[in-house]
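Architecture and fold: a report
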Amino acid sequence: MNFPEDNGCTNTRNARGDSRNGISIKQAYSMGGLKAGAVRALGLAYRVLSRRKAAEEGVARLARVLSALDLTALGVGSTLGVGVYVLAGDVAKNYAGPAVVLSFLLAAVASVFAGLCYAEFGARVPKAGSAYVYSYVCVGEFIAFIIGWNLILEYIIGAASVTKALSEYLDSLLNKAISSRLLKWMPLDSPHLAKYPDIFAFTVIMIFSVSLAFGVKESTKFNNFCTGVNLCVVLFVIISGSFKADTKNWRIPAEEVPKGGGRDFGSGGFAPYGIAGIIRGAAVCFYGFIGFDCVATAGEEARRPQKSIPFAVVASLLVVFLAYCGVSCVLTLVLPYYMQDEKAPFPYVFDQLGWSWAKYAVSVGAVCALCSSLLGSVFPLPRIIYAMSADGLLFRFMGGVSEKFHTPIVGTVVAGLFTGTLAMLFELEQLIHMMSIGTLLAYSMVASCVLLLRYERTQSGRTASETTRMSLRGCVRQVFNVDGLTTPTQLSATTVNALVTLYGVWCFLMMGSISGHGDAILSGAPGPLAAMVVGSVLVITTLYAISRQPVSDKKLAFSVPLVPWLPGLSILINVYLMLNLDYMTWIRFSVWLAAGRYLLIF
């Protein structure tokens, strides 16, 4: 690992250097007692855990064989999974009605905010590891380990769940031929395991893992094919359904909306559930855009990462949005929103139109979507393991790279075995939300790193004045840069660090009040409304204070526009979505973090 004197964020030193040039823990204890020894130990631990990597590209050990098209197809394939065949019908019926189009638009905009932050870091740090490497460069070793540990969990559960979905989908097409035989031959009677070992799911995972281990380019060709078929099927659905479109289904009178039966389908029209329904639908739709970050894990295998990664991230999000927007328009124009089938909207719509044959085309597209999603989940996992092993945060042998194929072969096979075992033995429905919390945390960390690096101290700022008065007036002058400094200094960079930390706290307070008292705020209750207003003022004031700080003059191949407002809004959205996850997800997340902390220490 490389821990330079000035690595792009702040001036940090190796803890081992401190031990040589300063006093040891034993000496501190003998000189000042238990308190002095404890303080010295904590100081050394902090320096070790906050060590940062250099942002320079360095020498790539993996083969640079992926083009911008390959990366775009990887992003589209991992993002536009089977959800495109399910999500639109579910959100239209239960959340937004025909205004599901606006829900997808809001979710796409929120995803673009996160995507642009990934794009800047992909151009700044073209290395394997995605958010893990980004946080290592900017924040430090401890936070980087937490992010990497969560990404491992995210991709493991993602790959296992997609494999289970593929197995169950093919099993349903074969009239339960696979599950019935395995249940008969190898039943599992444990309440914590699946009803039978899913040998098919394990086999599929291992096939994908071995193919990735013995050639990235060949695997991406298969992904390009599956993604192309998936997009063709989506295009077929949009074009064929448009012939039966009727704009009356976007203008259904309130008296024609079904009543009773324990269901409330709103007031009809374009937005039957109102603005609140559109926003709730956008929160659900946001998860349909998760997956584009796998593009960033290929930074060490892209031919021109500074240009191809930003292009692939933005292009994949655009293609995915157009696909979601197109299918949601067709679904709600062909059939009233309250008649949609949440589980399988397209086969139901085609049955209503008398086009039973079209269900087979949808099935082909769903299988290809699952295959490309599986590859998108299996592909980044060994890259995260490789990056962490190379830095010494995981077992070194897991970072082994094949000299012939230039792939992280050991990490790929180990990850495949572990993921396949989970998919074979466990029911993973209860763990699905842990993917979301890990992803949202990574999104927030990347956006925070963009803020920190944009206001970093540069070489030209070394001689700038860093004096300030230790008074309230002096702090206010520094926070709002009243003196109009144009060159970042150590003091201004430290100020931004503190402001970004405070901003995260304000986001949790503000979004916590909105998430817990949303209805009361809409009804005008004074207490919750005042809490939201105070939180909003603190959030806006903090972002304004960050915007007043001097900006780094470092030139980048791609830069996020509207800093700090755009990354700040991305953090705000991610915090809101995290707070809407159930408490059991946070408990499982805490257990996983505790296990990772134990691994890091020992």
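Residues numbered from 1 in each chain as written. Predicted model: local features only at pLDDT ≥ 70, side-chain atom pairs only at ≥ 80, totals over all residues. Heavy atoms only, no water.

Where an unreviewed UniProt entry is consulted, the protein appears under the name Cationic amino acid transporter C-terminal domain-containing protein, with the organism given as Pieris brassicae. You can read under Subcellular location (unreviewed entry) in the UniProt record for the protein the words "Membrane". (UniProt positions renumbered as here; feature names shortened; annotations may be inferred.)

Considering the overall build of the protein
Helix and strand counts for the protein come out as 23 helices and 0 strands. Looking at the 602 residues of the protein, the share that counts as buried comes to 53%. The contacts in the protein between residues at least 6 apart in sequence include a share of 82% that link residues at least 24 apart. Summing over all exposed atoms, the protein offers an accessible surface of approximately 26,400 Å²; the carbon and sulfur share of this is 66%. (Helix = DSSP H or I, 4+ residues; strand = E, 2+ residues; numbered from the N terminus. Buried < 20%, exposed > 50% of the residue type's maximum accessible area, 1.4 Å probe, protein only. Contact = heavy atoms within 4.5 Å. Areas by Shrake-Rupley, 256 points an atom, 1.4 Å probe, with all protein chains shown as cover.)

Digging into the pattern of salt bridges
Enumeration over the complete set of coordinates arrives at 3 salt bridges. The salt bridge involving arginine 454 is made with glutamate 120; its shortest N-O contact spans 2.5 Å. Placement of the pair is arginine 454 in helix H17 (residues 432-454) and glutamate 120 in helix H5 (residues 100-124), with a sequence separation of 334 residues. Like glutamate 120, arginine 454 is buried. (Salt bridge = Lys/Arg side-chain N within 4 Å of Asp/Glu carboxyl O.)

Side note on a nonpolar patch on the surface
Among the surface-exposed residues, Leu102, Leu105, Val109 and Phe270 lie close enough to one another that they form a single nonpolar patch of about 280 Å² accessible area. The topology assignment puts phenylalanine 270 in the loop between helix H10 (216-242) and helix H11 (274-286). (Patch = residues over 30% accessible without salt bridge, like charges linked within 9 Å, V, L, I, M, F, W, Y side chains within 5 Å.)

What about the packing of aromatic side chains?
Applying the stated criterion to the full structure yields 19 aromatic pairs. Here tyrosine 118 and tyrosine 443 contribute two aromatic rings whose centre-to-centre distance is 5.7 Å and whose plane-to-plane angle is 80°, an arrangement assigned as edge-to-face. With a gap of 325 residues between them, tyrosine 118 in helix H5 and tyrosine 443 in helix H17 connect regions that are remote in the sequence. Its relative accessible area of 1% is what places tyrosine 443 among the buried residues. With a centroid separation of 6.3 Å and 80° between ring planes, the pair formed by phenylalanine 286 and tyrosine 443 is classed as edge-to-face. With phenylalanine 286 in helix H11 and tyrosine 443 in helix H17, this pair connects stretches of sequence that are 157 residues apart. The pair formed by phenylalanine 286 and tyrosine 443 is uniform in burial state, with each residue classed as buried. Ring-pair connections join several aromatic residues into one group, and the members of that group are Tyr118, Phe286, Phe292 and Tyr443. The lysine or arginine in question, arginine 383, covers the ring of phenylalanine 379, its NZ or CZ lying 4.1 Å from the ring centre. (Phe/Tyr/Trp six-rings, centres within 6.5 Å; stacked < 30°, edge-to-face > 60°. Lys NZ or Arg CZ within 6 Å of the ring centre and 35° of its normal.)

Some points on the UniProt feature "domain: Cationic amino acid transporter C-terminal" (unreviewed entry) in the protein
Per the UniProt record, "domain: Cationic amino acid transporter C-terminal" (unreviewed entry) is found at residues 558-596. Secondary structure within residues 558-596 divides into 74% helix and 0% strand; the distance between the first and last C-alpha atoms comes to 33 Å.

Some remarks on the packing of helix H12 (residues 305-334) against helix H13 (residues 345-353)
Across the interface, H12 lies against H13 with an axial gap of 11 Å and an inter-helix angle of 40°. Here H13 runs oblique to H12, going by the angle between their axes. For the crossing formed where H12 meets H13, the hand is left-handed. Between H12, through Val327, Leu331 and Val334, and H13, the contact on the second element is made entirely by Pro345, Phe346, Val349 and Leu353. (Axes fitted to C-alpha atoms, helices over the stretch in contact; angles between N-to-C directions. Parallel < 35°, antiparallel > 145°, perpendicular 65-115°, else oblique. Left-handed = near helix turned anticlockwise from the far one by under 90°.)

Focus on the side chain of serine 308
The topology assignment puts serine 308 in helix H12. In this structure the side chain of serine 308 is engaged in a polar contact, spanning 2.7 Å, whose partner is the backbone oxygen of arginine 304. Residues contacting serine 308, with those up to four places away along its chain left out, are Ala68, Leu71 and Ala302. (Polar contact = N/O pair within 3.5 Å; in protein donor to acceptor, adjacent residues only side chain to side chain.)

Focus on the side chain of threonine 332
Relative to the elements of secondary structure, threonine 332 occurs in helix H12. Assessed through its relative accessible area of 1%, threonine 332 is described here as buried. A distance of 3.0 Å separates the side chain of threonine 332 from the side chain of tryptophan 250, its partner in a polar contact. Among the polar contacts listed, one links the side chain of threonine 332 to the backbone oxygen of serine 328, at a separation of 2.8 Å. Each residue touching threonine 332, except ones within four places of it in the same chain, is listed here: Ala92, Gly97, Pro98, Val100, Asn249, Trp250 and Gln340.

Focus on the state of the cysteines
For the structure shown, the criterion picks out 0 disulfides. Cysteine 325 supplies the cysteine sulfur nearest to cysteine 329, a cysteine that is in no disulfide, at a spacing of 4.3 Å. Cysteine 329 gets classed as buried once you look at its relative accessible area, which sits at 18%. With no disulfide of its own, cysteine 368 has cysteine 226 as its nearest cysteine by sulfur position, at a separation of 4.8 Å. Here cysteine 368 falls in the buried class, since its relative accessible area comes to 10%. (Disulfide = S-S within 2.5 Å.)

Digging into the packing of helix H9 (residues 199-213) against helix H16 (residues 409-425)
Viewed as axis vectors pointing N to C, H9 and H16 meet at an angle of 170°, and their least axial separation amounts to 8 Å. Between H9 and H16, the interaxial angle falls into the category roughly antiparallel. Contacts from Ile199, Ala201, Phe202, Ile205, Met206, Ser209, Leu212 and Ala213 in H9 reach Ile409, Thr412, Gly416, Leu417, Thr419, Gly420, Thr421, Ala423 and Met424 in H16. Tallied by class, residues from the contact of H9 with H16 come to 11 nonpolar, 6 polar and no charged. (Nonpolar A, V, L, I, M, F, W, Y, C, P; charged D, E, K, R; others polar.)

Observations concerning the environment of alanine 108
Position of alanine 108 relative to the elements: it lies in helix H5. Spatially, the C-alpha atoms of alanine 108 and cysteine 285 are 8.4 Å apart, while their sequence positions differ by 177 residues. Excluding residues that lie within four positions of it along the chain, alanine 108 makes contacts with Phe289 and Phe321.

What about the confidence of the model for the protein?
On average, residues of the protein score 80 in pLDDT, and 83% of them are at 70 or above. Mean pLDDT per element in the protein: helix H1 (residues 15-21) is the minimum at 40, and helix H21 (residues 526-547) is the maximum at 91. Counting contacts from residues 1-21, a segment whose pLDDT is below 50, to residues more than four positions away or on other chains yields 56 contacts. (pLDDT = per-residue confidence, 0-100.)

Observations regarding unusual backbone geometry
Following valine 563, the chain continues into proline 564 via a peptide bond in cis, with omega recorded as 10°. Topologically, proline 564 is positioned in the loop between H21 and helix H22 (565-579). Phi at asparagine 481 takes a positive value of approximately 50°, unusual for a residue other than glycine. Within the fold, asparagine 481 resides in the loop between helix H18 (472-479) and helix H19 (490-516). With phi around 55°, leucine 562 is a residue other than glycine that occupies positive phi space. Inspection of the secondary structure assignment puts leucine 562 in the loop between H21 and H22.

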